[in-house]
Structure formats: C-alpha cells, structure tokens
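Spelled out, the chains give:
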Amino acid sequence: AQVINAEFVKSSVATEACPNDGLPEFALVGRSNVGKSSLLNSLVRRKKLALTSKKPGKTQCINHFRINDSWYLVDLPGYGFAAAPGEVKKEWDKFTKDYFLQRSTLVSVFLLIDASIPAKKIDLEYASWLGQNKIPMTLVFTKCDKRKKKKNGGKRPEENVQYFQELIREFFEAAPPWIMTSSVTNQGRDEILLHMAQLRNY
Ligand code: GDP
C-alpha cells in the first residue's frame, strides 16, 4: 500500500460537482488545527499538496486528490473554527453532511481527533452524527507524539484516545476502527494506507 503518485484533481462546491469516474474515495475531516493538512502531506509524502485547499475561497470546498490513478483522498473543510459566525457554520454543516449522505463512492470517513488534548464536545457531536447516520468511519488520532502537559488536561495521548472511544461507543453498533498517528514521526502512516487498501478490496 504505497503512494506512487498523487495529484490534485478538483475543488467542488457541491456533491453533484465531484468527479464522477466512480473511483473509491476516503474523506478526511476534523476540527480546524487538528493536523489534517500535515497528515495529508505525510500520507502522500509531499510538502505542499494540501496547500491548494488552504487557499482563500477553497476552504469551503470538497477537494479531490487522485492517488495512483485508482482512488481518491478527499480533503473536507475543517469544522469548529471559533471565528465562524452561525450562518457559515450552518452552511458548512449542510454541505458536508449532504456529501456524507449522498456520495455513493465514499468508502469511509476518516475522522481526525487531536490525541494531545481531552475530547472536545464538537468532536463527540460529529462522531455521534456519523454513527447515528451509519456512515462508515475510521478514527484517526493525531499528534500522538505530544507529551502530556498540565495545560492540555494532564493526560497522555493514549489516555485521551481510550476515553474518546468510550464516550462514542454508544453511537455505534460495532466500535469503529482506530489508528494512532503523528505527522512528526510518521507513526500510523503505513497503517492508514494499509487500512484504506483493505477497505477498497471489500
Ligand atoms: P489543519 O488545520 O487541520 O490542516 O492542521 P495543520 O496540519 O495545519 O496543523 C496544525 C498545527 O498542528 C500546526 O502547527 C502543525 O505543526 C501541528 N501539528 C500537526 N500535526 C502534528 C503532529 O502530528 N504532531 C505535532 N506535535 N504537531 C502537529
């Protein structure tokens, strides 16, 4: 499960505008600052690939990256940005939730959770929404290289990871698969790519 080539294909403003070649895809989503761009770049081993989605005007888009000419990594806008006014948040919600519910080639949502801090309410809400709507989900814990700090709640990443899983358990029939990662050490990189390969071959 290696990335041989990766290319940015398209930014789409709605599910209907996404590529329609039928290739399977995996969506990356998470709170702003969770480390999504870093992870995306670590997955494809390129420094600047995800920058496209950070350009002003592209942040509210569904961004498709084609991998090895055979599947897509999809970068979705980050949620929970403190500065977003109510209307922007509502718009974001409608747009991404529509994508999750309508996109037939979506194999699994990879929900990124920061393992260096305690669970955030918005992350729990997001995970529970995916569970209740039976959208296949994989939990990706980010920043697992960070050591515990008093100001971050004083817990080790492993403790935050375990607690988060306990909190969301009731929303899922079966516990979702989960992977611990770090874009600094590349921990979990191969595991994510292998997991994606396995999901594509179902
Ligand atoms: P995004 O907003 O979700 O795309 O997050 P970024 O990838 O831009 O990362 C947000 C911040 O977290 C940056 O300061 C990164 O350097 C830092 N960061 C991202 N991933 C990691 C990680 O695995 N470990 C550590 N220690 N810091 C990280």
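Owing to the predicted nature of the structure, the values given are computational and were not obtained by experimental measurement.

Caption draft 1: Geometry of the sheet that holds strand β4 (residues 71-75). The seven strands are arranged β1-β3-β4-β2-β5-β6-β7 in an open sheet whose pairing can be described as mixed. Edge positions in the sheet fall to β1 (6-12) and β7 (178-180), since each has one partner strand and no second. The mean inter-strand angle of the sheet, taken between neighbouring strand axes irrespective of direction, is 25°.

Caption draft 2: View of the pairing of strand β6 (residues 137-142). Counted residue by residue, β6 has five buried out of six residues, so it is predominantly covered. The pairing of strand β5 (residues 106-114) with β6 spans six bridges and is classified as parallel. Counterpart to Ile113 in the pairing with β6 is Phe141. Remark: the β5/helix α4 (residues 121-132)/β6 crossover connection has right-handed handedness. One ladder, built from three bridges, connects β6 with β7; its direction is parallel. Within the sheet, the bridge partner assigned to Phe141 lies in β7 and is Met180. Regarding the hand of the β-α-β motif, the stretch spanning β6, helix α5 (residues 157-168) and β7 is right-handed.

Caption draft 3: Up close: helix α6 (residues 189-200). Taking 1.5 Å per residue, 12 residues should reach 16 Å; α6 reaches 17 Å between its end C-alpha atoms and fits that length. Buried residues along α6 sit in contact with β2 (25-30), α1 (36-44), β6 and β7.

Caption draft 4: Fine view of unusual backbone geometry. For Asn33, which is not a glycine, the phi torsion comes out positive at approximately 80°. Along the chain, Asn33 falls in the loop between β2 and α1. Taking the number of C-beta atoms within 10 Å as the measure of exposure, Asn33 has 13 and is therefore partly exposed. The residue Lys143 is not glycine, and still its phi comes out positive at about 60°. Considering the arrangement of structural elements, one finds Lys143 in the loop between β6 and α5.

Caption draft 5: Focus on the site of the ligand. Among the 16 residues in the neighbourhood of the ligand, the closest are listed as Gly35, Lys36, Ser37, Ser38 and Ser183. The greatest single-element share of the shell around the ligand, amounting to three residues, is contributed by α1. The residue makeup of the shell around the ligand, split by class, is two nonpolar, 10 polar and four charged.

About the cut-offs
- Residue positions are counted from 1 within each chain, in the order its sequence is given.
- Local features in a predicted model are, by the rule used here, given only for residues with pLDDT of at least 70; side-chain atom pairs are given and counted only at 80 or more, and totals for whole chains, interfaces and linings are based on all residues.
- Two strands qualify as a pair provided DSSP detects at least 2 bridges between them.
- Numbered from the N terminus, helices here are DSSP runs of H or I no shorter than four residues, and strands are runs of E no shorter than two.
- To define axes, lines are fitted to C-alpha atoms, for helices over the stretch in contact only, and angles between the resulting N-to-C directions are given on a 0 to 180 degree scale.
- Here a residue counts as buried when 20 or more other C-beta atoms fall within 10 Å of its C-beta, as exposed when 12 or fewer do, and as partly exposed in between; the C-beta atoms come from the backbone.
- With its strands directed away from the observer, a crossover is right-handed exactly when the path from the first strand over the helix to the second travels clockwise.
- How far a helix is expected to stretch is found by multiplying one less than its residue total by 1.5 Å.
- Contacts here follow a simple rule: the backbone-placed C-beta atoms of the two residues must lie within 7 Å.
- Residues are counted as near a molecule or strand when the C-beta atom, derived from backbone positions, lies within 6 Å of that molecule or strand.
- Charged residues are taken to be Asp, Glu, Lys and Arg, nonpolar residues to be Ala, Val, Leu, Ile, Met, Phe, Trp, Tyr, Cys and Pro, and polar residues to be all remaining types, Gly included.

Functional significance is not addressed by these values, which are geometric in nature.
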